[in-house]
Amino acid sequence: MAAGDGGRFHIVSPLLESVALSKAAGTKVYMKLENVQPTGSFKIRGIGYTCQEAAKQGCQRFVCSSGGNAGLAMAYAARQLGLQATVVVPSSTGPIVVQKLRDLGAHVEICGKVWDDANERAKELAKREGCVSIHPFDHPLVWQGHSSLVRELRDALEAKPGAVVLSVGGGGLLAGVAAGLRDVGWQDVPIVAVETWGAHSLHAALEAGRLVSLPDITSVAKCLGAKTVSARALQCAQELRVVSQVVEDAEAVQAMERFLDDERLLVEPACGAALALLYTGRLRRLQREGRVGAAPLPVVVVVCGGSAVDAAELRALKSHLGLP
Ligand code: PLV
């Protein structure tokens, strides 16, 4: 099932209509199920491709800073390529991911409180001979790898969608989808870029009209927690039809639980953020305001996935947020 266009580690992911999400959003919703990719998220597309290209140049070891999923994708790609992997994660990345990284054979370092701290350490490590630094979201090869997702949409859908809904952390997925939309001539399709408050670095940058750094990451969606969004993501948001939306942590976590019941799929808060846009009726409002395409055009939500969650973690998140 290797996709063959860009990276050879990801699969052509399923595109399924969700009756439950369509009912909640009041419009036909397709789920692009990136949660079934190897290592559980879309990250394998861009990171897998980048590792593959770096391996061709003869590197011996990859180093990556990560909130979790980029590191998992890199560890997986390294293992496939027979190379070493070091992943630096912040302390906010929980034991579930650290164990999965070790199970994939990666060397794990825990450094600092948030991803930006871990990234400083990764930059140090990458200076060692034979090491290649793999960025979790801010590199042209990462965007190119992620862009394969849109070609799959073009191949599967009869017409272009009214919107693509996705989550934004550092903005690699946004930049990749934007590149893919341009590639297939769908650059007029609006992208709804969703963040949580406390990880809203794109929203803050758009309000300021320039890159700004959040003082801290206070959201539970740690995988959306880059204090500063990439310059490329801001540029995409300024050049294309990108609608920035921010949801509460509680909405993202409630969306995770509802999605588990509706589709029997468990995803991270980072993904719950995009789902919350549909469950809370925000998409309907954007349609009424004419900011995204309305019925009969379908909407695609990128179910970006995430591996840092299990049943106990969902319970812990709910209790942390005081949810019943
Ligand atoms: N997570 C990055 C950055 O973390 C990482 O290191 O794994 N959904 C999920 C499940 C993710 O893991 C991420 C990114 C995103 C969405 C956002 O993707 P981005 O960074 O390309 O906007 C700090």
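Keep in mind that what you see is a predicted model, and the values were worked out from it rather than measured.

K.L.:
An account of the nonpolar core is needed here, citing residue identities and associated values.
P.N.:
If you look at soluble globular proteins, the nonpolar side chains tend to sit buried side by side. Leu21, Met74, Leu101, Val165, Leu166, Leu275 and Val301 are the most contacted members of the largest nonpolar core, which has 101 residues in total. Ranked by the residues each element gives to this core, the list is headed by helix α12 (residues 269-279), at 9 residues. Taken domain by domain, this core gets at least three of its residues from each of domain 1 (7-42 + 141-320) and domain 2 (43-137). Not counting the four nearest positions on each side in its chain, Val301 is found in contact with Leu21, Val29, Tyr30, Met31, Lys32, Val165, Ala274, Leu275 and Leu278.

K.L.:
Can you lay out the site of the ligand for me, pointing to particular residues and giving the numbers?
P.N.:
Within the structure, the ligand sits among 23 residues, and Ser66, Asn69, Ala70, Gly169 and Gly171 are positioned closest to it. Ser66 has a polar side-chain atom sitting 2.7 Å from an oxygen atom of the ligand. Measuring from an oxygen atom of the ligand, one finds a backbone N or O atom of Gly67 at 2.8 Å. Here the ligand, which alone exposes 530 Å², has 100% of that area covered by the protein. Most atoms of the ligand, that is more than half of them, are within 2 Å of grid points of the largest cavity.

K.L.:
Before we move on, could you go through the sheet that holds strand β8 (residues 191-196) and cite the residues and values that matter?
P.N.:
Strand order in the open sheet made by the 6 strands is β1-β2-β10-β7-β8-β9, with mixed pairing throughout. Two strands bound the open sheet, and with one partner strand each, they are β1 (15-17) and β9 (242-247). Ignoring strand direction, the axes of neighbouring strands in this sheet form an average angle of 25°. With 3 bridges joining them, β1 and strand β2 (residues 29-33) adopt antiparallel strand pairing. Within the sheet, the bridge partner assigned to Leu15 lies in β2 and is Lys32. Contacting β2, β7 (163-167), β8, β9 and β10 (299-303), α12 runs over the sheet at an angle of about 145° to β7.

K.L.:
Residues and numbers for the packing of helix α9 (residues 201-208) against helix α10 (residues 231-239), please.
P.N.:
The interhelical angle for the contact between α9 and α10, taken along N-to-C directions, is 60°, at an axis separation of 10 Å. As summarised for this structure, α9 and α10 are arranged oblique, according to the angle between their axes. Like other packed secondary-structure pairs, α9 and α10 cross with a definite hand, here right-handed. Contact residues: Leu202, Ala205 and Leu206 in α9; Ala233, Leu234, Ala237 and Gln238 in α10. Along the lines of polarity and charge, the residues of the contact of α9 with α10 split into 6 nonpolar, 1 polar and no charged.

K.L.:
I'd like a rundown of the layout of surface pockets, residues and numbers included.
P.N.:
Considered as a void within the structure, the largest pocket measures approximately 370 Å³ in volume. Along the walls of the largest pocket sit 22 residues, with Ser92, Val220, Lys222, Glu313 and Leu317 positioned nearest its centre. Every element with two or more residues in the lining of the largest pocket is listed here: α4 (95-103), α12 and α14 (311-320). Looking at which element gives the most residues to the lining of the largest pocket, the answer is α14, with 4 residues. Taken together, the residues that form the lining of the largest pocket break down as 11 nonpolar, 7 polar and 4 charged. Residue contributions to the lining of the largest pocket reach at least three from each of two domains, namely domain 1 (7-42 + 141-320) and domain 2 (43-137).

The rules behind these values
- For every chain, the first residue of the written sequence is number 1, and numbering continues from 1 onward in sequence order.
- The predicted nature of this model means local features are confined to residues of pLDDT at least 70 and side-chain atom pairs, given and counted, to a pLDDT of 80 or more, with totals for whole chains, interfaces and linings taken over all residues.
- Where side-chain values are given, they derive from all heavy atoms of the structure, hydrogens and water being excluded.
- In these notes, a set of buried Ala, Val, Leu, Ile, Met, Phe, Trp, Tyr and Cys residues joined through side-chain atoms within 4.5 Å is what counts as a nonpolar core.
- Using a 1.4 Å probe on the protein chains alone, a residue whose accessible area is under 20% of its type maximum counts as buried, one over 50% counts as exposed, and one in between counts as partly exposed.
- Strands here are runs of E lasting at least two residues and helices are runs of H or I lasting at least four, both read from the DSSP assignment and numbered beginning at the N terminus.
- The split into domains, and so the bounds of each, comes from an automatic or database assignment of domains.
- Note on contacts: a residue pair qualifies if any of its non-hydrogen atoms lie within 4.5 Å across the two residues.
- Whether a residue is near a molecule or strand depends on its heavy atoms: if one lies within 4 Å, it is near.
- As used in this structure description, the phrase polar contact means that two N or O atoms lie within 3.5 Å; if the pair is within protein, one of them must be able to donate a hydrogen and the other to accept it, and residues adjacent in sequence are counted only when both atoms belong to side chains.
- To measure how exposed things are, a 1.4 Å probe is used in the Shrake-Rupley method; for residues, cover is taken only from the protein chains shown.
- Of the two site types, the cavity is a set of points on a 1 Å grid over the protein atoms alone where a 1.4 Å probe fits but cannot get out, and the pocket is an open set with protein on both sides within 12 Å along at least five of seven lines, each lined by residues with an atom within 4 Å of a point.
- Placement in a cavity or pocket follows one criterion, namely that more than half of the molecule's atoms lie within 2 Å of its grid points.
- The rule for pairing is simple: two strands pair if DSSP sees at least two bridges between them.
- Lines fitted to C-alpha atoms define the axes, with helix axes restricted to the stretch in contact, and inter-axis angles between N-to-C directions lie between 0 and 180 degrees.
- Small angles under 35 degrees read as roughly parallel and large ones over 145 as roughly antiparallel, with 65 to 115 read as roughly perpendicular and the rest as oblique.
- Helix crossings fall into two classes, left-handed where the near helix is turned counterclockwise from the far one by less than a right angle and right-handed where it is turned clockwise.
- When residue character is reported, Ala, Val, Leu, Ile, Met, Phe, Trp, Tyr, Cys and Pro are called nonpolar, Asp, Glu, Lys and Arg charged, and the others, Gly included, polar.
- Grid points are joined across faces, edges and corners, and a volume is the space filled by probe spheres set on the points.

What is shown is where atoms sit, not what they do.
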